Amino acid sequence: MNGRQILIHRAVTRGLNPDVKLKYSGVEWIGEIPEHWEAVSNFALFKERNEPGNESLTILSVSIHTAVSSEELSEEENIRGKKNRIEDKSNYKLVKINDIVYNMIASMAKGGIGAVHVNGMVSPAYVVAEPNGKIHAYLFEYQYRTTGFIQQMERHSKGITDFRKRLYWNEFKQLKTILPLYQNKKI
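Everything numeric in this text was worked out from a predicted model, so none of it was measured.

Colleague: Can you tell me about the packing of aromatic side chains, naming the residues and giving the values?
Modeller: One pass over the full model with this rule turns up ten aromatic pairs. Between Tyr144 and Phe172, the ring centres sit 5.9 Å apart and the planes meet at 80°, which makes this aromatic pair edge-to-face. Here Tyr144, found in helix H2 (residues 137-144), pairs with Phe172, found in helix H4 (residues 169-172); they are 28 residues apart in sequence, far enough to count as distant. Comparing Tyr144 with Phe172 shows no difference in burial state: the two are buried.

Below, the structure is given as structure tokens:
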């Protein structure tokens, strides 16, 4: 991990107070967390959103570099160009602000996960996690893009070879996430 990754990992797994009392999270990749935080399964935080989008919505993408886009890629930004654009968008999925979206193809998902900034729709190759309550999706985006969480995603992916592995909703909902608590209230 580089210095920036270490700083982000430390902030999302231990918070900003270096003097806080720690406890073991019960999850190997997470290690210790502040004693007033919890490590919970994603099914306690999210449910799968599997609603169809509609033609009026912008098609968003997920990137390992920028997480979830806020606008549709232009022809210049689309590496594959116009010839590979999909005209039939009937299978595209609705996404709403504060959802978490990731590419289910494990070889593509290495950091291809993030919080949604604008309502839109995404490819059927993405999994959409809708928050069960009020959460700060951007905090989870940073956590989900850490090396430890990405490795957890890879370990739980299903498939014959690395290239064909997929992380479906049923596996994602079992993954552990750090849930910061503020004054004994979930964020």
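Now that the structure has been shown, the text picks up again.
Colleague: Explain the nonpolar core residue by residue, including any values.
Modeller: Counting residues in each nonpolar core, the largest one holds 28 residues, and the members touching the most others are Phe46, Ile100, Tyr102, Tyr144 and Phe172. A per-element tally of this core places H2 first, with three residues. Setting aside anything within four residues of it in sequence, one finds Tyr144 in contact with Asn42, Phe46, Ile100, Ile113, Phe149, Ile150, Phe172 and Thr177. Counting nine residues, the second largest nonpolar core, distinct from the first, contains Leu60, Val95, Val116 and Val122.

Colleague: Pulling in residues and values, what's your account of the pattern of salt bridges?
Modeller: Applying the stated criterion across every chain, the model contains three salt bridges. Among the salt bridges present, the one from Arg49 reaches Glu51, with a minimum N-O distance of 3.0 Å. As a salt-bridge pair, Arg49 and Glu130 come within 3.5 Å of each other at their nearest N and O atoms. Remark: Glu130 occurs in strand E11 (residues 126-131) and Arg49 occurs in the loop between strand E4 (46-48) and strand E5 (62-63); sequence separation between them is 81 residues. Of the two residues, Arg49 and Glu130, neither departs from the other in class, the shared state being buried. One network of salt bridges, with partners in common, ties together Arg49, Glu51, Asp99 and Glu130.

Reading the values: rules and limits
- Residues numbered from 1 in each chain as written.
- Predicted model: local features only at pLDDT ≥ 70, side-chain atom pairs only at ≥ 80, totals over all residues.
- Heavy atoms only, no water.
- Phe/Tyr/Trp six-rings, centres within 6.5 Å; stacked < 30°, edge-to-face > 60°.
- Helix = DSSP H or I, 4+ residues; strand = E, 2+ residues; numbered from the N terminus.
- Buried < 20%, exposed > 50% of the residue type's maximum accessible area, 1.4 Å probe, protein only.
- Core = buried A, V, L, I, M, F, W, Y, C linked by side-chain atoms within 4.5 Å.
- Contact = heavy atoms within 4.5 Å.
- Salt bridge = Lys/Arg side-chain N within 4 Å of Asp/Glu carboxyl O.

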